[in-house]
Every structure is written in C-alpha cells, then in structure tokens.
Amino acid sequence: MSSFGETPTGSDSSTAERDSETLLEVEGLKKHFTTGSGLLSGLRVDPGSFPPVRREHERVRAVDDVSFSIARGETLGLVGESGCGKSTLGRTVLRLLEPTAGTIRFDGEDLASLGGEALRRKRAEMGMIFQDPHASLNPRMTVGTIVEEPMVAHGMLDGEGREARAKSLLEDVGLEAHHYHRYPHEFSGGQRQRVNLARALSVDPDFVVCDEPVSALDVSVQAQVLNTMARLQAEFGLTYLFIAHDLSVIRHIADRVAVMYLGTVVELAEKEELFENPQHPYTQALLESIPVPDPRESGTRGVLEGEVPSPVDPPSGCRFRTRCPVLIAPEGYGFGDAEWEATRGFVRAVKRRTFEPAPAAEVRERFFPEGVPDGEAGELVETALSLVSAAELEGLEEDARTARWHEASELLLESFAEESICARERPHYEVDPVYGDGEHLAACHRHR
Amino acid sequence: MRLLRYTLYRLLQAIPVLIGVTLITFVLANLAPGDPVRFMLHGQEVDEELIRTVERRYGLDRPLHERYLVYMGGVLQGDFGHSIHRNRPVLDLMLARIGPTLLLVVSAYAFALATAIPLGILAAKRRNQPEDHVSRIVALVGVSTPSFWIGIMLILLFAVTLGWLPSSGLVYPWWPPETYGHSGYGEHALETVRHLLLPMIALGTLQMATLMRVERTQMINSLQGEYVKLARAYGVPERTILRKHAFRAAQLPIITIVGLNLSTALGGAVLIEYVFNINGMGRLFLEAIQQLDYQLIMGITIVIGTMFVVGVIITDISYAYIDPRVTYGEEE
Amino acid sequence: MAVGESQLETDTGSRTEVDYGWRHTVSTVMGDTTARWGFYIVAFVFLVSAYTMVDSNLARLTFGAFEDFTFAEWLPIFDHPERIPPPGEGESNVPPAFHAEGSMANPLGTDPAGRDYFTRIVYGAQVSVSVGVVSTLIGFVGGTIIGAVSGFYGGKVDDALMRAVETVYAIPPLILIIVFTVFVSGGSPDIIYAVFGVGIAFIPVFARIIRSEVLSVREMDYIEAARASGVKNRDIIRRHVIPNSFAPVLVYATLQIGVTILIVAGLSFLGYGAQPPTPDWGQMLSVSHGYMHSNVWLSIWPGVAILLTIMGFNLFGDGLQDALDPRIDD
Amino acid sequence: MTDPLLRVENLTTQFFTEAGTVRAVDSISFEVHEGEIVGLVGESGAGKSVASMSLLRLVESPGEIVAGEITYKGRTIFGLEETADGSLSERPEMLSEEEMRREIRGNEIAVIFQDPMESLNPVFTVGGQLREFIELNRGLSKRVAREEAIRMLREVGIPDPEGRYEEYPHQFSGGMRQRVLIAMALACEPSLIIADEPTTALDVTVEGQILDLVDDLQEKYGTSFIWVTHDLGVVAEICDRVNVMYLGEIVEQAPVDDLFYETAHPYTEALLESMPRPDLTVEEIQSIRGVMPSAIAPPSGCRFHPRCRYAREACKRVHPDPRRVATSADGETHRAACLRHDVFESGYEASAPLEHATALSDREVERPPGGEGGE
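The shown structure was predicted, so the numbers you read here are calculated from the model rather than taken from an experiment.

### As for the overall build of chain B
Next, step 1: Looking only at helices and strands, one finds twelve helices and two strands in chain B.
Next, step 2: Going from N to C terminus, chain B has its helices and strands arranged as α-α-α-α-β-β-α-α-α-α-α-α-α-α.
Next, step 3: The C-alpha extent of chain B, read off along each of the three principal axes, is 85 × 55 × 35 Å.
Next, step 4: When contacts within chain B are restricted to residue pairs at least 6 apart in sequence, long-range pairs at least 24 apart make up 74% of them.

So this is what it looks like as structure tokens:
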C-alpha cells in the first residue's frame, strides 16, 4: 500500500480541521458505583452499636461531574494516575457503563438517553481499543472472525465483502492479509494491538476511545503502534479519546489534554499550553515528577506528598486540596505566607505522625523557628503541640497515644485546612492561554 | 473486633440458608404421593377413621404452608416433633445419637489433616520425585475408592483375617469405663481408639486424598510466590521458608475445602456407620427412612444441614483469622 | 494477571501461550501420560458397557424373552447376568478359579444366587457408566442454565439463585438423594430415582462452577470489545462466553462422573439405588455384605471394578485439566 | 581506581527448556563500585532480571549459571575452574550455599522487586516481615529489631510507623509497600542493593517520590545500587553508569551522560529515538522495526543486526563483544558492541549494506524510505 511510505502527520492535519464541528460533547457526566447489589450486600455489622446491623451502600464516585467536548478529527488526551476514573470515563462515554447523571451528546444525539437496539446500532459509529493485548482478543476466534464481527453485528457487506475488507484492514494496520486465518496467540503484543485497531475500524467509525493502548508494550513497539494510530487517524478521519497515564505518550499524540484527578477533570487545555503553561498544581506536580530521558535535565521529583484519597469519601471542594502544596490560607486568622507555610508543615507532620514525641519546646522550634503565629491560630497550634508533647504522651498505652495524635490532628485540620476556600467551594475557572488561543480550564482557586 | 464482626456477619448470612434447608426438607418430605399417614403406613390396610384421627392428632390435615410454619415454630423452640413409630420426641432420639457421629467425623478429619498436610508439603517440596509420585498415587486411589468399600476391606483385613481390631461398634469415651467392663481409664482410652481406628480411616481417606492434592498444589504455588523469592534473597533458611512463609499462605484454600467437604463427610458417615454398626445419626437416619418415620427424617436432615452450615462458618472464621484480607462483606 | 517480568523473559506473547485448536488440544491430552491412561480405562469401560448393551438387547430383539436364552450359547462369553439359574443348574457361592474349589467355568466364582460373578461384574459397567453419565448430564444441564443465567445477569437474580444453590448444597448429597428417592418413589426406591436425585443434587455444584467461569470470562476485555462493537447479547453469549468457559466445565464434568458413580454405588449399597437383580456393583456389594465373613471374594471384585472405573475418569479429568489449563504446570 | 565492590565477568545463565536452551544472559561483564548506582537497561526479554538474580545465585530451575565469574568484595560468589579431566567444576573458594545465605543474601546484597503487591506475604504483618529480616541479617534481638524496623519505616517516609507496623500488606498502597521494601533492603545494612524495576508498577508521582527517597537514602547510607529498568527516563534521573542489554548481552556500557550524548550503539540510539518526550513536543518518533527475536536461537553475528538500520554484511558474520570505543573526561570507559567502531577492524566499511537497512519491505517500519537520523 502506498500509504506506508508517508510520514504520519495525523496531529497536524487534525489541528487544521478543528473547530469545524464538535463530535462529542459530554456534560456533567457522573458515574458512581455502589458496592454490591445483592440481598445481603451492604450489610454492616457493628457489635458496638444498637441495632448491631445496618444497611448502607458505599458509593464510589469514579467519575464526578465531568464536562468536555471533542471536535471532529481531533485527539483529546485524557491523563491521570491509576484510580482517577479515566478508564471509567472512557467506558461511560461509550455507554458501556450506565452513566449516573449527565449527557453524552454524540453527533447531535444524546447517548445517555438511547437504549437497547438504538444504542446498539449507534455503536457502528464508535470503536474502542483496549489496554491488554492478551485479554482483548477472543483466543478461540481467528483474526479474520474477530475483525469481521462488528461488521456482522451491523449487517455490513456480504461474507465475501467482509473478508476482503478485513484483509485490507489488516494491511492498513500494518499486518498482512494472510494473517486473516491465524489465531491471536500467534501474534506478539504489538501485533495484537494492531488487530484491535483493525476490529475497531472495521465498521468505519468516526470516534475511537483508546484506553491505554500502548502502555503494555515495550518502548520500541509502543512507537510502532503510536505511529500507526496517528497515520490511521489521518487516513480514516478519526476522532480519538486517548486515555493514558504516560504524559510523554499524551504529548506525542494528543491535540488537547484533560488531566483527571479523583474523578474530576482538574485542567483542560491545548497540548502545548498544558505542557508549557500548566495552571493546576496537580498538573504541575505530574509534569515535574516524570523522569526526563536526559541526564543533564535533572527534574524536580517527588513534589507531591501523601496519597490519593478514597473516591468513596472524596475531599470537599477541591479534590486535590489534601495534597496540594499551595493550599490557600483560610481567611480570618490573618496568616502571613511564611506562617501559613510553617503551620501547614506542622499540620501535615501531626497528621502523618512523622516525628517522635519530644518536649513541646523542641517540636515548636523544629516546625516554627520563627515562632508560632499570633492570635487564635497560635493558640490552636499550642493546644495541638501540648497534646502530642513528650510530657503528655509519657507513660500512655499505644492506643491512648494514638488517640492523642488523632485529637491533635483533627483539631488542626478542622481549624485550618477545612476553613480554606479550597475545602468549601468546588473550583472551576478559565484562564488566558499563553500558547495558542484554545480554551484553558483550570480547577484551582488560585485563579479566582 | 474484626473477627467478631465477621462472625456476626457470617451468622447473619447463614439464616436464609438454614430457612432454605428446612423448606427443602419439608417440601421433599411432602412430595410423597397420597397423604403422609398412608405413606408412613406403607400400604398397610387401616381403617379410614384411624387415619383421620392420626392426621388430626399431628395436625396433618392442615394446609402445607400452615404446617410448615407450625413445624418451624416448634423447631425454633427445640421441638422437632414426635416420632410416631418410636413414640418419642425426635429431639431426644437425635441427642442420643449425635455423639458417635461427631466423634467419627471429627476424628476422620483429624486423621485426614494429620496425614494430608505433611504428605502434601513433602510432595510439593520434592516435586516430580519419587515421594511426589507416591503421594499422588495415594491421592488418586483415595478419591477413587468408595469409603464403604474401604471399610469392608479394612474389616476383612484387620478384623476378620488378622483379628487385631474390632469390626463394629464404637466405645464412647464419655461413658464411664465400667459400662464396658473396662478396668480403668487406660483400657477405656485404648479401646476407644481401637474401635475408632478403622471407621476413622475409612471415612477419612477421601478427605485425606482431596486435601493432599490441594495442599500440594497450594504449596507449589506458594513456593513460587514473589514473597518466597524475596525471603530467599534475604537469606531466610529454606526450612523457615517452607514452614512459615510458604505454609501459612498455602493453608487458606485448605480451610475452605475442609469446610465444604464436611458435606461429603457427613454423607459418608451414613455409610460408615452402616458398615461398622455404629449407632450414630447416620444409622438413625437409615432406620427412619426404612420405617418412613416422616418427623424423624425431617429432624435429622435439618440437624445435619445445620451441622454443615455451622462447620462452614467455623472454617470461614478460621480463614478470616489466618487471612487478614478478609473483612465482612468483601468475600469473592 | 500481573504482568511481571518473569525470569524467563521471552517474547511477551509466548509466556502464557495456549494453543486453542481442537486438534492441538487432543494431541496435548494424549501426550500426557496420565490422561492417556485415564483415556484407555474410560474407553475400555465404555466399550464393555456398549458391548453388554448390544449383547442384552440383541438377545432380546432376536430371541424375545431373556429367560430362555443365554448369550453364552451363541458366543460363549457371557451368561445372562440377571437370570437366576433354576435349582440344580447353578451352584451358589462357588469360589473364584484360583481357589482350590474354583473352576474356569466361573473365573470369579458365583454369587449366592448361583449366577456367574464375572458376567455380573462385566454387566455392572453398563449400569455404572450410564448412571454416571446420565446423572452428570442432568447436573450439567441444570447447572449450566442456572449458573449461566446467574453469572451473566448478576444482581438480584444472581443473589437469589446462589442462595438457593447454597441451600441445596447444605444438605449432604447422599442424604438429600435418599430422602428424595424414598419420598418421590413413594417408598419403593429404584435406580431411576437415584439417577435423577443425584443429577439434581449436583446441579448446585455445576451452577457454582459455571457461574464463576462465566463471571471471569465476562470480565474479559474481548467481551467488552464485542459489546462496544454493538454485538448482540445472545451472540456474545454464543460466540464468546460459551466457547471460553466450556473447557474448565468439561474437565469438571469428567471428574464429576467419577463422583457420581461413587455416590450411586453408595446408594445402591444402602439399598436406595439399583435393586436386585440388576447387576450393579454397589448393589452387589450390598448383597455380599451379608457374606462378608464366609465368601470374601464377593466383596472384593465389585469394589475393584468401581475403583478402576472411577480412577479412569479421574485420571482422564486430571489430564484434561493439565492440558487445558495453562496455569497448572505439572 | 580502587577495587570494585562487585565484578561480573562473562556471566552466562541459561534456561534448559523443552523448546531448547534459552540463552537468557550471555557472557556479560560489568562492575559496580562503592557508592554508585549502576543501571541495567533493556526491554522485556533482554535478560536483565535473570542477570540480577544470578548475582545472588537465585536463578530458578530450569535456569542455571553455566559460566563466568562473580566476585564480591574479593569473595567468589560464582566461579568455575577446569579440572584435570577437562570438565568444569566449582572453584574451591566459591562460597557455599550456606555461606551465600548467611553472609551475602540480605546483609551484603539486598533486593527490591518490581511488584510491591506480590513481594510481601499477605498473611504476616508488615512490621513482622521487616523485623524478621533485620533479626536474621543483623543478629539483633526481637525487641531491638522491632525498634529498628519502626525507625526504618519512619526513615522511608511511612506515616505513623508505630501504628502501621502492626498492619498487613493489603492495608498499604502500592507506593507505601515499595517504601516498605526499600526499608527492608536498607535495614539489613547491605553494601549493594539490587533494585529490579522498583518503580515500574507505580504511578508517576509515586515514582517521583520513590526516586527522591532512594536518592536521599543513597547519599546518607552510601549504598551501591544496581538499578534494573526499561525506562531511560529513570536511568537519566538516577544512574551514574549504565549497561544497556539486548537479547542477553550488554551492547553498550557508559557513564550516563555519555550514553545519552555520545551514544555508541545503534540499539541505544534507536531506543532513545523511539521514546516520546514529556519535556518537548516531538511530532515524529522513530520506531525500531520488528520484535526482539527469541533467545533460543538468536541471530548470527551481531544480535541486533536484523533490526539495525546500519546493518551491513559484516554484521551477519562477526559477533561483536563490548569494546572500549572512547574514554570520557573523568577517565571512565565507554564500551560498545558495534562493528561500526574502528576498534573492531571487521571490514564493516567495506561490506555491503543489508537489504532491510535501506529497503522497506517490512510492514513494521513506518518511516520514509531511507529515513535515517534525527527528528
């Protein structure tokens, strides 16, 4: 095929086409999972209370109020760490999962309200590529049958026509026509991803959700598959929602990028803008954490502390606030910048119990070399200091000690962290882009 | 606290199962064509009026669901009804027979565990070597042989031919030695063991074979675990790895199997009690079936079902004790 | 599966490789010594029971009533197993040939009714095999329906079905079957009730295993891929779920035949399965139980026959499992 | 220069499988000096994990070290000698299995595995497992070992170490477990830690935290590391010297800066070009054609030649070993196993280029014909 010699320029051509038409528009999309649905699921037994049995369902807020749109022919990169809800979002957009709330407008039609047969028919216009090259192909079907299956489902072409199309698709994705009769296990990981691509393209869809399509592959193979995907996008006029955890891959393939954290999109901007002018502290942290393959460019690493909170009980306001290095000081205490910095360091240390009990003066000196803040804030700090001072903890059982630490940490968190605007309001701001003229959304109160 | 909560949770889960067991038994017992009394009489010609009287006396003339509720109400108060044939409360009959069965089943399990675990570990450790092959053959024969036939063969060999061990009955350790004319507790204990040995082996062989296979597979898996590799890399002696690191994690499936196999063991007890003439629940069940003693059959079935459910709960709790990952509501 | 870098870092594709062609499966199974031996035993038992079936039916078809005909006249191997010899014709309790008093006329001796024991043992294969296969089939079909529905639909349906299954499972099969047999038959048990009883009693076991298979297959990405391509639900079940959950269930069914034969033998032994004069191994052991002390051989041969038959199914099942399941590498 | 801490010479480890002999590690040599982090880089199938486990003599059956010499602090971990009858036998000074266990594993050389989820035993408390290794390798009493364990947990940044000591692995996140594994390694006070892809299973931000932690602790304790990874980004961040492996062999060996800026082997070059960059937008990435061949029957000559864009006829014939191709400013050697370098005198220049290097018959190749070189 002639197309093999060309340089993949998918991202260029699609940039030019953009703004022409919105293909997909997602608004206020939510997907919550309840744990279990059975007779006895959600049953909680607690001998300490009366009655000792309660029934409650935990709601995992996997995707919580997400909005974005994708223009025809463009690639939207969706990036985030494991558990942030990006795969769930991808599947919900395709209605493989039932959305809890929100609309998914695809080509003018709301997928969320479609049902049964209408939805099934609509699937001819959408495709999906999966992460695991081993699990995504039925081991008992030949590659030909796999590629033809969507065509059969939508009554496309006759048997002969399907075979011809399947063979030509195999060639398009970089395999060979005679692979038609082979079984998946005869292929390497990279080749299987190509079969995946061929299947997704067989009914000539407009839109393909790619869920970490290259993260299971070795670097060299990853590059092959990425190049093929870019070429096919140009050839078939595809629109991609490209999900990945690897920012490098996203930077290579996407036109615009959405960054997810704990079920929400925290930043969304054009690629160049997002990578060169990140406005959300989480995006900044992500970018700074990636090891750069250049020994002369030693990055700032490990800028983020702590861990992602549970999506069952996410933090109020800004989801990222519990780990945010630039949490806004609560009003009313009159914190100075340095004071707030020192106080936050102390709060974090108490919460994580990272220092051993010492006399109050010693701890004070360590966390507040400039002295504790004035006024009410200072009093609160002093109370906490005395709670966890060596004198107080001396001779206590481990349980009682833990209770003290807990008390101190509760006091501090409630008085300071929970009072910040970051804890009280959910941020959503538009900032002026420096690169390009696309929309730049950053969910951070520093832009208020 | 975690275990307490888990226990409560499991007990709660058992309630619908136990209700189901009584329901199935009740429905089965009423599947019989014709009315129960005629069925119990098994074709004997009796005066119609007598049948009516008996029916009224036992409430058998009432609709099925009503009878079920009445029966369940009784069961909940420990009243399993009255055996018409023996003219005694079902509960008394069962209480008199439950001891030997428990003794038999528990000792069979003790035998099975005591042999299966060391053999399974040995087989895993010396994988594909003679020890492994021998243990696999033992296991294969063990799962392929009917327990009652093993019983018969054991009797033929050890009781009939060699005359070493008694061929029938049990000596109950909870009865005083004088009952048997034993001189003292020493002889009493010895006789208890001598009587128990053959039925215990006959009933325990299948369990042993199943457990041995599982133990072997689990130990092999566990020994290939990353954490075993790590322990090796930190210079932990091979013996400690086998006994501690690999062993503990490998016991989890064993516990589950022990619980689930209780069903086979309780069924097997019926056969073994029959072969060895042991007066346990199994024999009582067979007698009840023979006499078509409707109330007694239901009572025994429910009690055995309950024994199984309780056994499973106990194993589940020990599972939770060993595996810290188990919390209530998170199985499967 | 955690894709860690294994010690053997070969091509990413080849590590968990299984060949799925049927021809390959067969050659793998037959390549396994265990499975091969199991297959030979199973095949032998099947052949024997097929022969006896033809034998008895041919006789019946050709010559009408059984009583007047012994196949032995025609092809002098088998005497009719159920025919009790008229007084004076057959001697009861003749010991096997290798005993001093035995003769080659009755290689394994005769039973208390004077019938040739060897013939009865051979005919016993027919009962065991057909009972084992039929009741396993009942359990298999019932279990597949319940398990597949439960696994595929999930939620409340699953919950209700699994509760029911657990309940049936809570009563030991032997006891459940005896109660079932006796009450359904109105107090006169027969093998046919036992077959259905065993089949029904093992539905839960099959339902559980099929459900868990379906659940694990349902989670596979290729099912989601099919859904994403708009493949109809019934096609997903037909083309993806069933073919991929079939193998482990097949293995399980093979092993279950052994268990079924074991249970039916126990039932017959207690008198709730095959009834005299049917030549069934369990039933024969039941009879011989009364002669345990005097005629030891009567208790030995049926047991050996049961042991070998079940061992055949177990060996074959184990071999199938090894060949079909890449996770166990023995 | 002082004697190296660890010297590996011609180490060869093979797996004897039904399909054939897998030459997982084929005659590799490298050194680790005190206080440095040495990278072992390659894609899956390169043999880097097997190589690292060989150092502890913990290759699992059917694998076996068949040749080479491993010397650690002057002691022979592995070494063979020829006996009178010409067969090979273990050298008398080679450490016994018992000595390896007591004196080397854990207390001299410790490991950190890739998968923190699988590396901890799920049925024992985290603290208990840590304490056991400390007790064993440092001969401390139970009580002291416990204190030490808690200290180490705090040291690696586990919040509330006293409380978490009693918790089970499943209560820890992936990043926290990897910290526990690092604590284990450091707590035994070894001189060398083998880290086998320790951050691969982790998220970027957690990976950043772990790399930071290792950097700090390495400075504090002066421990040497062998860092096994496939990620050149991680290599650039933390390694001092790097060994690049391809199909069981080391193809390039260089100080980290030279590896990236004076790349001397086409495989390294191709790897670098096939990586998308997080720090700059690259419109086009070069992929390496084909897949890594099987280690059972590796290609003749240079093992990389079927995928190499510079391959010539000579590459099919001559098997290059890593030779010194340059010396960096600070006296470090830069080795490469590529015939294009003059030291090989293999007649590379004179031989004809291989067809695939110019023609684009293979469908895996997706760059313009003859498209060599940069972005």
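There's more to say after this.
### Some points on the interface of chain D and chain A
Accessible area lost during the coming together of the parts is what is often quoted as the interface size.
Next, step 1: At the interface, 57 residues of chain D touch 58 residues of chain A.
Next, step 2: Summing both partners gives a buried area of about 5300 Å² for chain D against chain A, and 49% of it is carried by carbon and sulfur.
Next, step 3: Counting across the interface, chain D meets chain A through one salt bridge.
Next, step 4: Between Asp257(D) and Arg296(A) there is a salt bridge, and its shortest N-O distance comes to 2.6 Å.
Next, step 5: Here chain D and chain A share 15 residue pairs in polar contact (both at pLDDT 80 or more) between them.
Next, step 6: Mapped by element, the contributors of at least two residues to the side of chain D that touches chain A are helix H6 (161–165), helix H8 (204–221), helix H9 (232–238), helix H10 (256–261) and helix H11 (266–274) of chain D.
Next, step 7: Broken down by element, the residue count for the side of chain D that touches chain A peaks at nine residues, all from H8(D).
Next, step 8: Residue composition of the side of chain D that touches chain A, grouped by class: 24 nonpolar, 13 polar and 20 charged.

### Some remarks on the interface of chain D and chain B
Next, step 1: Contacts between chain D and chain B engage 27 residues on the former and 21 residues on the latter.
Next, step 2: At the surface where chain D touches chain B, the tally comes to one salt bridge.
Next, step 3: A salt bridge links Glu132(D) to Lys244(B); the nearest nitrogen and oxygen atoms lie 3.3 Å apart.
Next, step 4: Applying the counting criterion to the chain D and chain B interface returns ten residue pairs in polar contact (both at pLDDT 80 or more).
Next, step 5: Of all the elements in the fold, those that place two or more residues in the side of chain D that touches chain B are strand E8 (109–112), helix H3 (116–119), helix H4 (126–138) and helix H7 (174–187) of chain D.
Next, step 6: Here the element with the most residues in the side of chain D that touches chain B is H4(D); it accounts for four residues.
Next, step 7: Residue composition of the side of chain D that touches chain B, by class: 17 nonpolar, five polar and five charged.

### Things to note about the sheet that holds strand E5 (residues 75–79) of chain A
Residues and elements named next belong to chain A.
Next, step 1: Pairing within the open sheet is mixed, and its eight strands lie in the order E8-E9-E10-E5-E11-E12-E14-E13. Either end of the sheet is taken by a strand with one partner, and the two such strands are strand E8 (126–129) and strand E13 (429–430).
Next, step 2: Judged from the five bridges that link them, E5 and strand E10 (residues 239–244) form a sheet pairing that is parallel. Looking across to E10, one finds that Thr75 is bridged to Tyr240.
Next, step 3: Running at roughly 155 degrees to E10, helix H2 (residues 86–93) makes contact with E5, E8, strand E9 (207–211), E10 and strand E11 (256–261) of the sheet.
Next, step 4: Helix H7 (residues 219–236) rests against E5, E8, E9 and E10 of the sheet, and its axis sits at about 160 degrees to E10.

### Side note on the domain arrangement of chain B
Residues and elements named next belong to chain B.
Next, step 1: What the domain assignment reports for chain B is domain 1 (1–85 + 291–332) and domain 2 (97–280).
Next, step 2: Taking the mean C-alpha position of each, domain 1 and domain 2 sit 30 Å from one another.
Next, step 3: Every contact between the two is made by 13 residues of domain 1 and, on the other side, twelve residues of domain 2.
Next, step 4: Here domain 1 and domain 2 share an interface that buries about 1100 Å² over both sides, 84% of which is from carbon and sulfur atoms.
Next, step 5: When the buried area of domain 1 at its contact with domain 2 is split by residue, Met307, Phe308 and Ile322 rank highest and sum to 48% of it.
Next, step 6: Viewed at the interface, domain 2 and domain 1 are joined by zero salt bridges.

### As for the state of the cysteines
Residues and elements named next belong to chain A.
Next, step 1: Following the criterion strictly, the structure yields zero disulfides over all chains and no others.
Next, step 2: Its sulfur unpaired, Cys422 is 6.0 Å from the next cysteine sulfur, which belongs to Cys318.
Next, step 3: Overall, the relative accessible area of 7% leaves Cys422 in the buried class.
Next, step 4: Looking at Cys444, it has no disulfide partner, and the nearest cysteine sulfur is the one in Cys324, 5.9 Å off.

### Points about the pattern of salt bridges
Residue and element names in this part refer to chain D.
Next, step 1: Inspection of the entire model under this criterion finds 65 salt bridges over all chains.
Next, step 2: Of the charged contacts, one joins Arg323 and Asp321 as a salt bridge, the two residues approaching to 3.1 Å between their closest N and O atoms.
Next, step 3: Note on Arg323: relative accessible area 33%, which makes it partly exposed.
Next, step 4: Residue Asp321 is classed as partly exposed on the basis of its relative accessible area, which comes to 36%.

### Some remarks on the confidence of the model for chain A
Next, step 1: Taken residue by residue, chain A gives an average pLDDT of 83. The fraction at 70 or more is 89%.
Next, step 2: pLDDT under 50 marks residues 1–19 of chain A. Its contacts with residues more than four places away, or in other chains, come to 39 contacts.

### Regarding the packing of helix H4 (residues 143–153) of chain A against helix H5 (residues 159–172) of chain A
Residue and element names in this part refer to chain A.
Next, step 1: Direction vectors running N to C along H4 and H5 enclose 120 degrees, while the axes themselves pass 9 Å from each other. H4 and H5 meet at a crossing whose hand is right-handed. Across the interface between the two elements, Val143, Val147, Glu148, Met151 and Val152 from H4 touch Arg162, Glu163, Arg165, Ala166, Leu169 and Leu170 from H5.
Next, step 2: Taken together, the residues of the contact of H4 with H5 break down into seven nonpolar, no polar and four charged.

### A short note on the packing of aromatic side chains
Next, step 1: Per the counting criterion, the structure on display carries 30 aromatic pairs over all chains.
Next, step 2: Centre to centre, the rings of Phe26(B) and Tyr71(B) are 6.0 Å apart; their planes meet at 40 degrees, and the pair counts as tilted. In this pair, Phe26(B) sits in helix H1 (residues 2–29) while Tyr71(B) sits in helix H4 (residues 64–76), placing the two residues 45 residues apart along the sequence.
Next, step 3: Note on Tyr71(B): relative accessible area 9%, which makes it buried.
Next, step 4: Pairwise contacts between aromatic rings join Tyr333(A), Phe335(A), Trp340(A) and Phe416(A) into one cluster.
Next, step 5: It is Arg164(D) that lies over the ring of Phe172(D); its NZ or CZ is 4.2 Å from the centre.

### Concerning the sheet that holds strand E2 (residues 20–32) of chain D
All names here are of chain D.
Next, step 1: Pairing is antiparallel in the open sheet, where four strands are placed in the order E2-E1-E4-E5. With one partner strand each, in any of the chains shown, E2 and strand E5 (75–78) form the two edges of the open sheet. Along the sheet, successive strands turn relative to each other by an average axial angle of 10 degrees, direction set aside.
Next, step 2: By the bridge criterion, eight bridges tie strand E1 (residues 6–17) to E2 in an arrangement that is antiparallel. Across the sheet, residue Leu11 finds its bridge partner in E2, namely Ile28.

What counts and how
- Residues numbered from 1 in each chain as written.
- Chains lettered and ligands numbered in written order.
- Predicted model: local features only at pLDDT ≥ 70, side-chain atom pairs only at ≥ 80, totals over all residues.
- Heavy atoms only, no water.
- Helix = DSSP H or I, 4+ residues; strand = E, 2+ residues; numbered from the N terminus.
- Contact = heavy atoms within 4.5 Å.
- Buried area = accessible area lost by both parts, 1.4 Å probe.
- Salt bridge = Lys/Arg side-chain N within 4 Å of Asp/Glu carboxyl O.
- Polar contact = N/O pair within 3.5 Å; in protein donor to acceptor, adjacent residues only side chain to side chain.
- Nonpolar A, V, L, I, M, F, W, Y, C, P; charged D, E, K, R; others polar.
- Pairing = 2+ DSSP bridges.
- Axes fitted to C-alpha atoms, helices over the stretch in contact; angles between N-to-C directions.
- Domains from an automatic or database assignment.
- Disulfide = S-S within 2.5 Å.
- Buried < 20%, exposed > 50% of the residue type's maximum accessible area, 1.4 Å probe, protein only.
- pLDDT = per-residue confidence, 0-100.
- Left-handed = near helix turned anticlockwise from the far one by under 90°.
- Phe/Tyr/Trp six-rings, centres within 6.5 Å; stacked < 30°, edge-to-face > 60°.
- Lys NZ or Arg CZ within 6 Å of the ring centre and 35° of its normal.

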